[in-house]
Amino acid sequence: MKKTKSIDTEHIYYGALDMTQNNETPVLLLDGLLGMLDWVDALTTFDKDGDYKVFEPLLIDAGLDSNDAKALADAAFYERNINASDAGRKLQQVMPKLEALNKDSTGLYNLFHEQLSKRLDWFRRSSLGLQEQGLAEKYLKRGDYLRTVIYAMEGLISRKVEQDYSNSKLHDYDTRQEAYQELRDDTSFNLFKDFRNSMVHGTASTKKNVKTILKDPNRLEQSIKDRVVHLFKKS
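Residues numbered from 1 in each chain as written. Predicted model: local features only at pLDDT ≥ 70, side-chain atom pairs only at ≥ 80, totals over all residues. Heavy atoms only, no water.

Chemist: Just checking my understanding: could you explain the overall build of the protein chain for this structure?
Modeler: Per the secondary structure count, the protein chain includes 11 helices and 2 strands. Element order for the protein chain, N to C, with α for helix and β for strand: β-β-α-α-α-α-α-α-α-α-α-α-α. For 235 residues, the compact-globule estimate of 2.2 N^0.38 gives 18 Å, and the protein chain exceeds it by more than 25% at 23 Å. Within the protein chain, the proportion of its 235 residues that are buried is 41%. Restricting to contacts in the protein chain with at least 6 residues of sequence separation, those with at least 24 account for 51%. Accessible surface computed for the protein chain: about 13500 Å², of which carbon and sulfur atoms make up 49%. (Helix = DSSP H or I, 4+ residues; strand = E, 2+ residues; numbered from the N terminus. Rg over C-alpha atoms; globule rule 2.2 N^0.38 Å. Buried < 20%, exposed > 50% of the residue type's maximum accessible area, 1.4 Å probe, protein only. Contact = heavy atoms within 4.5 Å. Areas by Shrake-Rupley, 256 points an atom, 1.4 Å probe, with all protein chains shown as cover.)

Chemist: What's the story with unusual backbone geometry in this structure? I'm lost.
Modeler: For residues that are not glycine, phi is negative in most cases, and the peptide bond is trans in most cases. The phi dihedral of N22 falls on the positive side, at around 55°, and the residue is not glycine. With respect to the secondary-structure elements, N22 resides in the loop between β1 (13–15) and β2 (27–29). Even without being glycine, N23 reaches a positive phi, approximately 65°. On the secondary structure map, N23 appears in the loop between β1 and β2.

Chemist: It is not clear to me how helix α1 (residues 31–49) should be interpreted in this structure. Could you clarify?
Modeler: Spacing of three or four residues puts side chains on the same side of an α-helix, whose turn is 3.6 residues. The terminal C-alpha atoms of α1, which comprises 19 residues, lie 27 Å apart, in line with the 27 Å expected from a rise of 1.5 Å per residue. Among the residues of α1, L34, G35, W39, A42, L43 and F46 are the ones counted as buried. Buried residues belonging to α1 abut α2 (56–62), α5 (109–119) and α6 (128–142). One or two steps after α1, the chain reaches G50, where phi turns positive at roughly 80°. (Expected span 1.5 Å × (residues − 1).)

Right, dumping it as structure tokens:
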């Protein structure tokens, strides 16, 4: 009903005829089943598009403070707009609250806390560059190739700045441009750049090999995957 008719179901009742005793048939309230289905649906949606804002109402129902739930939604907003730095800060703020909720709760959230934590574990990596590379890998698994390529490039640039300059220069435009120019000596990095430009602008590349790869989803996925492995090992 929820999916086909947009009907918001609040309760499920089940007349348990097989449990009849003394001519009385109990009617069972199965709201827990509804809640479980909502969590499964949210996890499925998240695995498809990576937007963990879908967990906000479920976490509020589980007892999370609305401000903390909003912080999670804000983290999703930042992450999906290629701002891993602010997304990570929001997750650092809210994850201890989720850990505490799991410890104190006796409801459905306990069943799903571990799965939710695994899906948000990228922010635990030790540097911004590694966090961005982790996000590139996650978006590659979802088939979101544009975000994969952007996060891969940003992750490589951030790692270059961290290793060859300093963390204080991570958000300095000129420093990142220098790192970008140095990375362009790598043909795989340049291919990422070509993929990104073609995807963002919606125009065919002038390079025949890029044009051919972008027309074949299987070749595109494998090409990105191969270069992610190659470049991330080097960084």
